[in-house]
Amino acid sequence: MLRTSMATVGPLSRDDQDRVVREWKPLGRLMNVPEAHLWNTRAEMQRYLGDEVRCGNATVGSGSREVASTILSGPLRTLPLRPMHDALLCVGLGTMDPVLRQRYGIHWGMFEQWYYEAFSRAVRTAVRYSPGFPRDSPAYRFAMHRVGRSLSEPRHEARQIA
């Protein structure tokens with residue numbers, strides 16, 4: 001989620017990245033995730049995930065490959081929906097750990113990287129200049145309503161990563 005957000009919405013400061021990681025803790029607890037795996041910082045999360053990939057705990061088996069094949073080939077045979085499917089794949093694969101992409105056998109060359117970067121820039125630009133209704137997620141609008149803030153109040157802008 002963090003990589004996808006930064007690719008499509010824009011950069012976040014280290015403090016904001018850490019805050020996003022901490023905000024997932026309540027959901028983790030609801031899912032009975034051990035407290036040791038509920039990180040406080042992005043660095044802790046990245047260290048853990050990197051260790052899991054390197055030591056082989058994050059493996060790609062035949063079942064994983066079958067699911068990936070279904071997603072990649074796309075059950076969407078409806079031509080009008082295909083561009084959206086391809087766009088979601090582009091972001092999903094572009095933010096995927098390169099080691100896992102390789103283990104899945106997913107080709108990711110210069111063209112795919114260029115397409116992902118160009119698409120991400122286009123989405124960030126569209127988000128920046130779009131009016132609030134299509135830009136703000138329903139969850140954001142609901143949260144603003146719950147805390148009694150108007151959507152017309154100034155938005156918290158993402159800060160550049162130091």
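What you see is a predicted model, and the numbers here were worked out from it, not measured in a lab. Residue positions are given per chain, counting from 1 as you read along its sequence in written order. Reporting of local features is limited, given that this is a predicted model, to residues whose pLDDT is at least 70; pairs of side-chain atoms are given and counted only at 80 or more, and all residues count toward the totals for whole chains, interfaces and linings. Just so you know, side-chain values use all the structure's heavy atoms and leave hydrogens and water out.

Peer 1: What exactly am I supposed to notice about the nonpolar core here?
Peer 2: The tendency in soluble globular proteins is for nonpolar side chains to be buried side by side. Joining through side-chain atoms within 4.5 Å is the link that ties buried Ala, Val, Leu, Ile, Met, Phe, Trp, Tyr and Cys residues into a set, and such a set is a nonpolar core. Relative accessibility under 20% of the residue-type maximum defines a buried residue, over 50% an exposed one, and the middle range a partly exposed one, all with a 1.4 Å probe and only protein chains included. Leu2, Met6, Leu12, Val20, Val21, Trp39 and Met45 form the largest nonpolar core, which has seven residues in total. The secondary structure listing takes helices from DSSP runs of H or I that are at least 4 residues long and strands from runs of E that are at least 2 residues long, numbered from the N terminus. Only helix H1 (2-8) and helix H2 (14-23) provide two or more residues apiece to this core. The contact definition used throughout considers only heavy atoms, calling two residues in contact when any of these lie within 4.5 Å. Apart from the residues within four sequence positions on either side, methionine 45 is in contact with Leu2, Val21 and Trp39.

Peer 1: I would appreciate a short explanation of the packing of aromatic side chains in the present structure.
Peer 2: Within a pair of aromatic rings, the relevant descriptors are the distance that separates the centres and the angle that separates the planes. What counts as a ring pair is set by centres within 6.5 Å for rings of Phe, Tyr and Trp (its six-membered ring), and what kind of pair is set by the plane angle: stacked under 30 degrees, edge-to-face over 60, tilted for all other angles. Under the counting rule described, the total for this entry stands at five aromatic pairs. Aromatic side chains phenylalanine 111 and tyrosine 115 sit 6.3 Å apart centroid to centroid with 25° between the ring planes, which places their arrangement in the stacked category. Here phenylalanine 111 and its partner tyrosine 115 are both found in helix H8 (residues 110-129), four residues apart, which amounts to about one turn of the helix. Here phenylalanine 111 falls in the exposed class, since its relative accessible area comes to 55%. Since its relative accessible area comes to 36%, tyrosine 115 is described here as partly exposed. Between tyrosine 115 and phenylalanine 119 the ring centres are 6.4 Å apart and the planes differ by 15°, which places this aromatic pair in the stacked class. Highlighted residues: tyrosine 115 and phenylalanine 119, both in helix H8, separated by four residues, approximately one helical turn.

Peer 1: Looking at this structure, how should I read the packing of helix H6 (residues 82-94) against H8?
Peer 2: Packed helices, taken two at a time, are described by the angle between their axes plus the distance between the axes. Interaxial angles span 0 to 180 degrees and are taken between N-to-C directions of axes, which are lines fitted to C-alpha atoms, for helices over the stretch in contact. Contact geometry for H6 and H8: axes closest at 10 Å, N-to-C directions at 110°. The pairing of H6 with H8 is recorded here as roughly perpendicular in orientation. On the side of H6, the interface is formed by Ala87, Cys90, Val91 and Gly94, while H8 contributes Tyr115, Tyr116 and Phe119. Under this grouping Gly is polar, as are all residues other than the nonpolar Ala, Val, Leu, Ile, Met, Phe, Trp, Tyr, Cys and Pro and the charged Asp, Glu, Lys and Arg. Residues belonging to the contact of H6 with H8 are distributed by class as follows: six nonpolar, one polar and no charged. Comment on the angle field: the value is read as roughly parallel under 35 degrees, roughly antiparallel over 145, roughly perpendicular from 65 to 115, and oblique elsewhere.

Peer 1: Even after reading the chapter, I still don't get a nonpolar patch on the surface, so can you show me in this structure?
Peer 2: A cluster of nonpolar side chains, namely Met1, Trp24, Leu27, Leu30 and Met31, defines an oily patch on the protein surface of about 620 Å² accessible area. Within the element layout of this structure, methionine 31 appears in the loop between helix H3 (25-30) and helix H4 (42-55). Only residues whose relative accessible area exceeds 30% and that form no salt bridge enter a patch; like-charged residues are grouped when within 9 Å of one another, and nonpolar side chains (Val, Leu, Ile, Met, Phe, Trp, Tyr) when within 5 Å. Using the Shrake-Rupley algorithm and a 1.4 Å probe, accessible areas are obtained, with residue cover drawn only from the displayed protein chains. By salt bridge we mean one thing: a side-chain nitrogen of Lys or Arg within 4 Å of a carboxyl oxygen of Asp or Glu.

Peer 1: I would appreciate a short explanation of the pattern of salt bridges in the present structure.
Peer 2: Where charged atoms from two side chains of opposite charge come close, those side chains can pair. Under the criterion given, the structure shown has four salt bridges. Where arginine 19 meets aspartate 16, a salt bridge forms, and the shortest distance between an N and an O atom there is 3.6 Å. In this pair, arginine 19 and aspartate 16 both sit in helix H2, three residues apart, roughly one turn of the helix. For aspartate 51, the salt bridge is made with arginine 54, and the minimal N-O distance between the two is 2.9 Å. Residue aspartate 51 and its partner arginine 54 are both found in helix H4; the two are separated by three residues, about one turn of the helix. When its relative accessible area of 39% is taken as the criterion, aspartate 51 is described as partly exposed. Given the relative accessible area of 61%, arginine 54 is considered exposed. Residues participating in the shared-partner salt-bridge network are Asp16, Arg19 and Glu23.

Peer 1: Please explain the packing of helix H5 (residues 62-73) against H6 as it appears in this structure.
Peer 2: At a minimum axis separation of 9 Å, H5 and H6 run at an interaxial angle of 135°. Here H6 runs oblique to H5, going by the angle between their axes. Between H5 and H6, the contacting residues are Ile71, Leu72 and Ser73 on the first element and Arg82, His85, Leu89 and Leu93 on the second. Along the lines of polarity and charge, the residues of the contact of H5 with H6 split into four nonpolar, two polar and one charged.

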